[in-house]
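Structure assessment
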Amino acid sequence: MQKLEQLYEGKAKKVFKTDNEKQYIVEYKDDATAFNGEKKGTITGKGVVNNKMTAALFAMLEEHGIPTHQIELLSDRECLVKAVKILPLEVIVRNIAAGSLSQRLGIKEGTPMKKTVLEFCYKNDELGDPMINDYHIFAMELATEDQVEKIKDYALRINEILQKFFLERNIRLIDFKLEFGLYDGEVILADEISPDTCRLWDKDTDKKLDKDRFRRDLGGVEEVYQEVLSRIKNTEN
Ligand code: UDP
């Protein structure tokens with residue numbers, strides 16, 4: 001398999017074509033952005049952590065019956081994936097109030113939600129990824145009713161699996177963002193699951209082990225990314 005020309009460069013990853021038109025190579029960068037690109041920086045080693053962590057989590061999710069785009073880890077920063085068409089939706093799952101939910105609804109950060117909260121945002125940087133609901137999705141033809149049902153079902157199942165997985169590593173899964181793509185007409189999990197896309201708090205101390213350290217200038221950013229990866233790697237079964 002050969003790495004060919006770059007197809008796309010995003011905020012944290014590059015995507016390359018390969019000699020197989022149904023496969024892409026994703027390359028993870030150390031670049032970090034927050035607040036819709038207003039804050040920019042570098043988190044040294046982040047690309048390696050996010051690549052390895054996503055690979056470990058996607059492999060585990062596959063074992064639990066969740067289809068993903070992942071084919072195989074190629075190197076520290078590269079992964080071979082199925083060439084999906086990404087649906088323009090960010091799917092956010094929340095167990096505990098934090099971030100924009102706390103601000104919008106006036107619920108103190110750290111308050112457990114009585115029921116898991118699912119949110120959709122329209123993936124559009126110019127508009128700042130506005131929150132939308134099912135009606136907007138169908139009216140704008142961003143996804144079909146069947147696809148949205150699948151996405152909701154997968155997102156809630158992924159939440160159950162990940163909550164348990166992280167708790168076994170003394171981490172509480174506060175919230176996270178997923179993206180799905182279409183491959184041969186089927187919805188599959190794509191993008192990444194990493195400290196860039198999850199809020200992860202130490203179970204005993206509530207220490208933030210995620211990108212909020214970068215967003216909020218809390219320091220020790222590089223260290224917590226390494227810490228999360230080592231907690232995952234040291235307890236792999
Ligand atoms: N998130 C993400 N990408 C985004 C927006 C949110 O990965 O473009 C993740 C974020 O890391 C957090 C969860 O989704 O784990 C919920 O984020 P929230 O809506 O609170 O937005 P934020 O406070 O991060 O702007």
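Right above here is the structure, for reference.
The model shown is predicted, which means the values in this text are computed figures rather than measured ones.

1. Focus on the site of the ligand
- Within the structure, the ligand sits among 15 residues, and R94, S100, D175, R199 and R215 are positioned closest to it.
- For the ligand, an oxygen atom lies 2.6 Å from a polar atom in the side chain of S100.
- Within the contact set of the ligand, an oxygen atom lies 3.5 Å away from a backbone nitrogen or oxygen of D196.
- Bound to the protein, the ligand loses 77% of the 500 Å² it would expose on its own.
- Where the shell around the ligand is concerned, the elements lending two or more residues are strand 9 (89-96), helix 2 (99-105), strand 12 (171-183) and strand 14 (198-202).
- Tallied by class, the residues present in the shell around the ligand amount to 4 nonpolar, 3 polar and 8 charged.

2. Quick notes on the environment of L167
- As for its placement among the helices and strands, L167 is situated in helix 4 (residues 145-167).
- Judged by its relative accessible area of 44%, L167 is partly exposed.
- Linking L167 and K203, residues 36 residues apart in sequence, is a C-alpha distance of 7.5 Å.
- Among all residues touching L167, those that are not within four sequence positions of it are R172 and K203.

Rules and cut-offs
- Residues numbered from 1 in each chain as written.
- Predicted model: local features only at pLDDT ≥ 70, side-chain atom pairs only at ≥ 80, totals over all residues.
- Heavy atoms only, no water.
- Near = heavy atom within 4 Å.
- Polar contact = N/O pair within 3.5 Å; in protein donor to acceptor, adjacent residues only side chain to side chain.
- Areas by Shrake-Rupley, 256 points an atom, 1.4 Å probe, with all protein chains shown as cover.
- Helix = DSSP H or I, 4+ residues; strand = E, 2+ residues; numbered from the N terminus.
- Nonpolar A, V, L, I, M, F, W, Y, C, P; charged D, E, K, R; others polar.
- Buried < 20%, exposed > 50% of the residue type's maximum accessible area, 1.4 Å probe, protein only.
- Contact = heavy atoms within 4.5 Å.

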